[in-house]
Amino acid sequence: MTNSRVGSATWVIVLAALLVACQGPTVPREVPGAVDLPRGGADEALPVPGECHLGAVRFGLVSPGTPEEQAQRFAPLETHLGSLLGARTEVVAYQEYDELITDVIRGELDVAQLPPLAFVLARERDDQLLLLATLIANGDVRYAGYLVVRRDSDVQRLLDLQNKRVAFTSPTSASGFVFPLARLAADGVDVPHLMTRARLNGSHRQVIQAVVDGEVDAAATYRGGLEAARDAGIDTRTLRVLGITAAIPQEALVAHARLPAHHVACLRRAFLLTNRATVAGRQALARFTDADGWTVTDEHFYDVVREQLYAVRKAAPGVTP
Amino acid sequence: MSVQRRVLVFGVGLAVLGMVLLGGAFVDRERRMYDNDVTDRARTFLDVLASEWTPILAGNRVEELHEAVTSLSMKRAGDLEFLAVVDRDRGVVAHSNPLLYGVALDDLFTAEASVSDGMLFRRGKGDHGPYLAVGRPLVTAVPGERGIRWGTLLARFSLEKGERAFWELIVSTTGLILLVTLLVGATIFTLLHRNLVRPVARLTEVAEEFARGNLAARSLLEGRDEIGKLGLTFNDMAERIQQHSKGLEREVNKATAELIGANERLTAMAQELAEANRRLEDLATVDGMTGLRNYRYFQAFLDREVRRSLRTNSPISVLMIDVDHFKHYNDTHGHPAGDDVLRQVSRVLKSRLRGIDLPCRYGGEEFTVVLLDTSKDRAVAVAEELRATIEQTPIANEETQPGGRLTISVGVATSLSDARSTEDLVKCADEALYEAKRTGRNRVVSWGI
C-alpha cells in the first residue's frame, strides 16, 4: 500500500469519526402509537399541555345550518379544544365569508377558519392575519374543483362551453367560481362572454341540481359537493366530469397578529393535536364531518389561489372580488 | 504455447468470457428489472390504495375501509397474500382476515413500517414461497411537512409465480446464451484458424524447410493483410538469402581455387626449397671432388654413433686411411692426377663397404671409415681388405711410386675397447695410422696392439 493511500485512509477515518462525534447520540425512532405532535414554526416552541390558560376562545367558521344544528355539531369540538386551551371555547358558525373575515380582523374572533379564497382576500385586507394551520378534509389538504356536464351533453371539451350556460356558486368560492373560471380561461374560453350566460346559484347542491335538471349545460363544483348532492337525493350518476381545476388548498386556520404570541401558539397547538388519528380527536370531530384535522402549512401553500384569482381578474375584470 | 492454442485460449476464451459476462449482466439486469417491476407495481398499487383509503381512514369510516379491503383481497387472491390497514398503534383497522380486526400486530415488519416515513419493502420466504411485504404510511401532509399520519397500509404479495417465471426465463436465456457462445466461439475459432493459424503454420513449414537448407522454398501466402505481407517479406528475404548464398558460393569456389593454386605453388616451392636445402646440405657435408661425406659430416655422424654405441654397448670402429706417398705422386703427376687417385680410392671405399658404413674424406689424402656394429677384429679385417683392394687396383702411373704401387696405410680403433669418446676414438685411430706409416706403410695397424 502506498503512502498516499495510507494518508487518504487516515483522512477518511478522521472525517468519519468527526462526523459521528458531531451527530451525537442516536435519537430513538418514534414509538408506534405515541402522540404524533406536529411541529410548530421554526422560531416557535409549542406549549406543552397544561401551559395554556386562555380564559375564553372564540372560533369562527362558515357552516350552514340552524343554530341548534351548529351547537350539536360543534359541542364535542368545543369541549376538546377547551381542555387543550384551558379556556371556555365557543365555535361561532357564520353564513357568509365576508362577515367572518371582518370579525377576525376586528378581533371579534380569536381564531377563524377561512375558505382558501376568503383567506387570500382577507390577507389582502389585513396582512396581520397569521396562518396557523390548514384543514384536512376528506383525508387531504387539497381538493379539486370539477366542471360537470350531463352524460348526454354534446359538450366534449371545455372550449365547447364558450356559448353554453354554466352555473357557478358564488364569486367568493374557490371550487365553485375562481378555479373553474381560471381553468376555462386557460383553455381558451372567453370568460367575459361566458359570464354573460352564466348563473350564480349560490350553493353546490343548487348548481348540480341545475345541471341534472338541464337548466344549465355545466356546473362548477367539487367532489364534496357531488357527494353532498348525492346524499341529498340528486342523481349525480347522470353527470360526467368535463374538466378538473388545479388543486385547491383546504381552508386556512388564521388568527390575528394582535393576539399574544403565547395565545397564538396555544391555539395552533390545540388544533394541530385535533385530528381523527387519535381517539380524542375522533370524538371531538365526530359530528364535524367536514374536518379530519389540521396540519402545518405555510403562506406559499395558498399561492395557487392567488395565481388563479389573478388569472381570472385578468381574463375577466370585475367578475371576482 | 502454439498459435493455435493461443487462439483457442485467447480468442475463444475471450469470446466465452464475454458471453459469460454478457449473460451475467443480462441476468443481473433482468433481476433488477424484475425487482424494480415488482416493486413499482407494488408501489403503484399501494399509492392508488392510499389515495383512496387515506380519506376513509382519516374520516374513521372503518366499515367502508373494511369492505374495501375485503373486496380487494378477494379480487386479488392470487398474488395478494394479505392486505391490511393499521392505525398508529398498529391496531388492525381493516384486514384481509376479518378476525384480526382490532388486534395489534406485533411482527417486526409492521413495527418498522409503522414508524417508517416512506414506503418500506421487505423480501422474505414464507410458507407459500417468496413474498414481498410492503408498508406505506397513510399520511396527509403538504410537501416538506410531516402532516398527520393516520395509519399504515400493509400488503404482502406472493412472488412465487413471478420468481418461477423469472427463473424459467433465466434458464432458457442461459441455454440460449450458451448455444450462442458455442456458435460464436466455434465461428471465431474457425475464422482465426483459417485466417491466422493456418497461414502462420504454412509459413512456419516453409521457414523450417528453408532452414533445413532448401533455399528455394517459398511461401505461397498472398494478400494485402499482415499475414500476406509477412509471406511476401519472407519470400523477399529468402530470395535475397539465396542470391547472397549463391554469391558467397561463387566467391568461396573462386577463393578455394585460388587457395589450391597457391597451396600447390607453395608445395612446389617447399619441395624446391627442400631440394635446395638438401643440395645445400650435400654441399655442406659432401666432398665435392670424391663425392664422399666430408669431415664435418663425419664428426656429427661419429658423435651420434659413439653415443649410441655407449648406450647399446655395441662397438663401432673407425678406420683412418692415408694414401701412401701421395705428395710424391702429386708432385710427379700433377694435382689433377692426384685428384684422380683420390677419386679412385673413394670408389674402392664405396664399393667395398656395407651400406650402413660411412666412408668420408677426412682431408687431403686422408680418408676415414666408420664401421657400425663392428668389432676390432672385423674392423681390422675390413681394413685389410681395403688396403689389399687398393694395392691390387691398377692406378695410372702408380709405378712411379715408391715400391712401384700405390698403397694406403690404415689405423684402426674401436669404441668401448679403445676409447669412449669421439675425440679419443679418432685420436686412437690416428695414432694407429701414424704407427702404420711409421712402420713402413701399406699396412693396417690396430690401436693398442
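Just above sits the structure.
Residues numbered from 1 in each chain as written. Chains lettered and ligands numbered in written order. Predicted model: local features only at pLDDT ≥ 70, side-chain atom pairs only at ≥ 80, totals over all residues. Heavy atoms only, no water.

Draft legend 1. Region of the structure containing the overall build of chain B. Helices and strands together make up the secondary structure of chain B, namely 9 helices and 10 strands. Across the 449 residues of chain B, 40% fall into the buried class. Partitioning the contacts of chain B with sequence separation of at least 6, the portion at a separation of at least 24 is 63%. Approximately 25,000 Å² of chain B is accessible, and the part contributed by carbon and sulfur atoms is 56%. (Helix = DSSP H or I, 4+ residues; strand = E, 2+ residues; numbered from the N terminus. Buried < 20%, exposed > 50% of the residue type's maximum accessible area, 1.4 Å probe, protein only. Contact = heavy atoms within 4.5 Å. Areas by Shrake-Rupley, 256 points an atom, 1.4 Å probe, with all protein chains shown as cover.)

Draft legend 2. Fine view of the pattern of salt bridges. This structure, assessed with the given rule, holds 42 salt bridges over all chains. Between A:Asp152 and A:Arg150 there is a salt bridge, with the nearest N and O atoms lying 3.0 Å from each other. For A:Arg150, a relative accessible area of 25% corresponds to the partly exposed category. One salt bridge in this structure joins B:Arg29 and B:Glu30, with 3.2 Å as the shortest N-O distance. (Salt bridge = Lys/Arg side-chain N within 4 Å of Asp/Glu carboxyl O.)

Draft legend 3. Local environment of helix α8 (residues 223–231) of chain A. All names here are of chain A. All of the buried residues along α8 are Gly225, Leu226 and Ala229. Seen along its axis, α8 keeps its buried residues to an arc of 100°; they face one direction. Summarising the contacts, the buried residues of α8 are in contact with β5 (142–150), α7 (204–212), β8 (218–222) and β9 (239–249). Trailing α8 by a residue or two, Gly233 shows a phi angle of about 100°, which is positive. (Arc of directions from axis to C-beta.)

Draft legend 4. Expanded view of the side chain of B:Lys376. Residues and elements named next belong to chain B. Relative to the assigned elements, Lys376 resides in helix α8 (residues 376–392). When its relative accessible area of 14% is taken as the criterion, Lys376 is described as buried. Within the structure, Lys376 has its side chain in polar contact with the backbone oxygen of Trp447 (distance 2.7 Å). What Lys376 contacts, discounting residues up to four positions off in sequence, is Ser317, Thr414, Ser417, Asp418, Ser446, Trp447 and Ile449. (Polar contact = N/O pair within 3.5 Å; in protein donor to acceptor, adjacent residues only side chain to side chain.)

Draft legend 5. Geometry of the state of the cysteines. Residue and element names in this part refer to chain A. Tallied over the full model, the rule gives 1 disulfide over all chains. Here Cys52 is linked by a disulfide to Cys266, with a sulfur-sulfur distance of 1.9 Å. Between Cys52 and Cys266 the disulfide shows an S-S torsion of about -90°. By sign, it is left-handed. Of the two residues, Cys52 sits in the loop between α1 (3–23) and β1 (55–62) while Cys266 sits in helix α9 (residues 261–272), which places them 214 residues apart along the sequence. Grouping residues by exposure puts Cys52 and Cys266 together as buried. (Disulfide = S-S within 2.5 Å.)

Draft legend 6. Structural detail: the packing of aromatic side chains. All names here are of chain A. Scanning the model with the defined rule gives 14 aromatic pairs over all chains in all. Relative to Trp294, the ring of Phe271 lies with its centre 4.9 Å away and its plane at 80°, an arrangement referred to as edge-to-face. Residue Phe271 is located in helix α9, and its partner Trp294 is located in strand β11 (residues 293–295); the two are separated by 23 residues in the primary sequence. Judged on exposure class, the residue Phe271 and its partner Trp294 are both buried. (Phe/Tyr/Trp six-rings, centres within 6.5 Å; stacked < 30°, edge-to-face > 60°.)

Draft legend 7. Representation of the nonpolar core. In terms of nonpolar packing, the biggest core is built from 85 residues, with A:Leu181, B:Trp53 and B:Val85 touching the most fellow members. At 11 residues, the largest contribution of residues to this core is made by helix α1 (residues 3–58) of chain B. Among all residues touching B:Trp53, those that are not within four sequence positions of it are B:Leu65, B:Ala68, B:Val69, B:Leu72, B:Leu83, B:Val85 and B:Leu153. Grouped together as the second largest cluster of nonpolar side chains are 33 residues, A:Leu81, A:Leu84, A:Leu135 and A:Ala284 included. (Core = buried A, V, L, I, M, F, W, Y, C linked by side-chain atoms within 4.5 Å.)

Draft legend 8. Focus on the interface of chain B and chain A. At the junction of the two partners, chain B supplies 23 residues and chain A supplies 25 residues. Scanning the region where chain B abuts chain A turns up 0 salt bridges. Viewed at the interface, chain A and chain B are joined by 2 residue pairs in polar contact (both at pLDDT 80 or more). Sorting the residues of the side of chain B that touches chain A by element identifies α1, α3 (108–115) and β5 (148–158) of chain B as the ones contributing at least two each.

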